[in-house]
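Topology and contacts: notes
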Amino acid sequence: MTNKNLFDSKANGLIEHDHNHDGIDRRGFLKCMAWAGTGALCVIEGGVLKSYALGSQAGGKMKSRKVGGLRFVQISDSHMGFNKPANPDVVATLKAAVDKINALPESPDFILHTGDISHLSKPSEFDNVDQILKATNKEIFFVPGEHDVLNDDGAMFRERYGKNSKGQGWYSFDKNGVHFIALVNVMNLKAGGLGALGDDQLEWLEDDVRHLKSSRPIVVFAHIPLWSVYPQWGWGTDDGAQALSYLKKFGSVTVLNGHVHQTMQKVEGNVTFHTAFSTAFPQPAPGAAEGPGPMKVPSEQLRRVLGITDVNYLENRHALGLVDSSLV
Amino acid sequence: MRRRLLNSGLSIALPLVLSMTLALPVTRAKSEEAKSSAMEVRVDNFTFALDTLTIPVNSTITWVNKDDVPHVIASSDGLFKSKALDTDDRYSYTFSKAGSYSYYCSIHPKMVGKILVR
Ligand SMILES: [Cu+2]
């Protein structure tokens, strides 16, 4: 594969130009990646991207600020079983993510995993991830990625991670006044299309939020972005807008996704969209390579483009605070 | 979507003599008419090397995955579907009736292709 090296793309400014006029903040993304390259926190708070160099005064403030409400971590795309040049040791990087979580100044209440737990849906791959994540001692909520439902329409995934889920694995729950909605958009995909939720799930979603007060903060998580990140590479969900239309009344909606193996954000009215790092391998910025596959970066730079997302909800604040931090 | 064709996007396996493989660089078109009865379609960079392929009845198509991620070959109407193909894995299907057969990758549905059987 001839994917352009991320750092080369950056050097020649490839991802700085928005030829697609699709509203993706590539500058913000670029800035974030640039900071990540020097060891930084990329922060999206109230829809504004802020980067803090680790150890700087601002970064120190971020770390030590008093928090309340709710705190959780999102991890994504661990791709256990992947062993190609883009990362020959996904066990080590997942363990590094666990170390990162365990070293957070404020321990999270729980963890969300936004899919592609495994690379090939093998029981041994799921076993490995479960074993490694045990070291966090946290409750973990999962949604499947397409790599987790390869040969059985998700039966094994639901057996392991979706015992109380509905349909193909969707569910909702409440934590400290925040309503969490886990969606599945990686099954029954139509030729030529994008991710899909399907009518049954949309119906369930409409019903699930009907009784909720509009002041209730909502967190939606699913594998493939619900917003149109880059449809040319399949980075979007055909009926994602339909799902979001049911959430219009809410004052604070946070949509957390994986799949694209890089951090991106967009704010539209009351909705903050955000995608997380992978713990396994990076993928190119939209359009920066011929295809969306695993991207090889120099091995000493790999852990700067992998990471976790720390999410913080303060009761008196409107939007949730999202802090992406790379593994190193 | 902008695509660049890769070298040896198509190879035709001649069933005659010593099962010799002739690699043809595909430079002009994304569709080919084939006279042989066994053909290979490379899956590379999230695309099918040939997105339209015309073959005689009873030809066998073999898809081979050259990507670092798995793909699943599935006909759009449910006629055939492979297991997940990891890197270098292959899947073959023999088309015994004339017709037009659309297929796609069921986990990356932006990847689509068509087989015309005559
Ligand atoms: Cu595919």
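As shown above, the structure is provided for reference.
Residues numbered from 1 in each chain as written. Chains lettered and ligands numbered in written order. Predicted model: local features only at pLDDT ≥ 70, side-chain atom pairs only at ≥ 80, totals over all residues. Heavy atoms only, no water.

Quick look at the sheet that holds strand 8 (residues 218-221) of chain A now. Residue and element names in this part refer to chain A. The sheet built from six strands is open, its strands ordered 6-7-8-9-11-10 with mixed pairing. Looking at the sheet topology across the chains shown, the edges are occupied by strand 6 (171-175) and strand 10 (264-268). Going across the sheet, the axis of each strand differs from the next one's by a mean of 15°, ignoring polarity. Where strand 7 (residues 178-182) meets strand 8, four bridges bridge the pair, whose relative direction is parallel. If you follow Ala182 over to strand 8, its bridge partner there is Phe221. (Pairing = 2+ DSSP bridges. Helix = DSSP H or I, 4+ residues; strand = E, 2+ residues; numbered from the N terminus. Axes fitted to C-alpha atoms, helices over the stretch in contact; angles between N-to-C directions.)

So, on to the coordination of the copper ion. All names here are of chain B. For the copper ion, every protein donor is listed as His71 (ND1), Cys105 (SG) and His108 (ND1), and the spread of their distances is 1.8 to 2.2 Å. Each donor residue of the copper ion belongs to the same chain, with the gaps between them written as H-x33-C-x2-H. Of the two residues, His71 sits in the loop between strand 7 (59-65) and strand 8 (73-75) while His108 sits in the loop between strand 10 (99-105) and strand 11 (112-117), which places them 37 residues apart along the sequence. Of the two residues examined, His71 and His108, each falls in the buried class. (Donors = N, O, S within 2.8 Å, 3.2 Å for Na, K, Ca; no water. Buried < 20%, exposed > 50% of the residue type's maximum accessible area, 1.4 Å probe, protein only.)

Here the focus is the interface of chain B and chain A. At the interface, 22 residues of chain B touch 26 residues of chain A. It is Asn45(B), Asp68(B) and Lys110(B) in chain B that bury the most area against chain A; as a group they hold 28% of the surface buried on that side. Our enumeration of links across chain B and chain A arrives at zero salt bridges. Applying the counting rule to chain B against chain A returns six residue pairs in polar contact (both at pLDDT 80 or more). Residues that form the side of chain B that touches chain A fall into these classes: eleven nonpolar, five polar and six charged. (Contact = heavy atoms within 4.5 Å. Buried area = accessible area lost by both parts, 1.4 Å probe. Salt bridge = Lys/Arg side-chain N within 4 Å of Asp/Glu carboxyl O. Polar contact = N/O pair within 3.5 Å; in protein donor to acceptor, adjacent residues only side chain to side chain. Nonpolar A, V, L, I, M, F, W, Y, C, P; charged D, E, K, R; others polar.)

Below, the discussion takes up the pattern of salt bridges. Residues and elements named next belong to chain A. Taken as a whole, this structure holds eleven salt bridges over all chains when the rule is applied. Residue Asp310 pairs with Arg71 through a salt bridge whose shortest N-O separation is 2.8 Å. Of this pair, Asp310 sits in strand 12 (residues 307-313) while Arg71 sits in strand 3 (residues 70-75), and the two are 239 residues apart along the sequence. Each member of the pair, Asp310 together with Arg71, is buried. Among the ionic pairs, Glu159 bridges to Lys163, the shortest N-O distance being 4.0 Å. Taken as a pair, Glu159 and Lys163 share a single burial class, namely exposed. Taken together, the shared-partner salt bridges connect Asp127, Asp130 and Arg160 into one network.

Turning next to helix 7 (residues 199-210) of chain A. Residue and element names in this part refer to chain A. End to end, helix 7 covers 17 Å across twelve residues, agreeing with the expected 16 Å (1.5 Å per residue, within 8%). Gln201, Leu202, Trp204, Leu205, Asp208 and Val209 are the residues of helix 7 that are buried. The arc that holds every buried residue of helix 7, seen down its axis, measures 160°, which confines them to one face. The exposed set on the far side of helix 7, more than 90 degrees from its buried face, consists of Asp199, Asp200, Glu203 and Arg210. Where helix 7 is buried, its residues touch strand 6, strand 7 and helix 8 (240-245). (Expected span 1.5 Å × (residues − 1). Arc of directions from axis to C-beta.)

This part covers a negative patch on the surface. Residue and element names in this part refer to chain A. A cluster of like negative charges, contributed by Asp199, Asp200, Glu203 and Glu206, occupies part of the molecular surface. Structurally, Asp200 can be placed in helix 7. Residue Asp200 is classed as exposed on the basis of its relative accessible area, which comes to 59%. (Patch = residues over 30% accessible without salt bridge, like charges linked within 9 Å, V, L, I, M, F, W, Y side chains within 5 Å. Areas by Shrake-Rupley, 256 points an atom, 1.4 Å probe, with all protein chains shown as cover. Lys, Arg positive; Asp, Glu negative; His and termini not counted. Charge placed at Lys NZ, Arg CZ, Asp CG, Glu CD.)

What follows deals with the pairing of strand 7 of chain B. Residues and elements named next belong to chain B. Across the seven residues that make up strand 7, a large majority, six, are buried. Where strand 7 and strand 9 (residues 90-95) come together, six bridges link them in antiparallel fashion. Each residue of the ladder has a partner; that of Ser59, found in strand 9, is Phe95.

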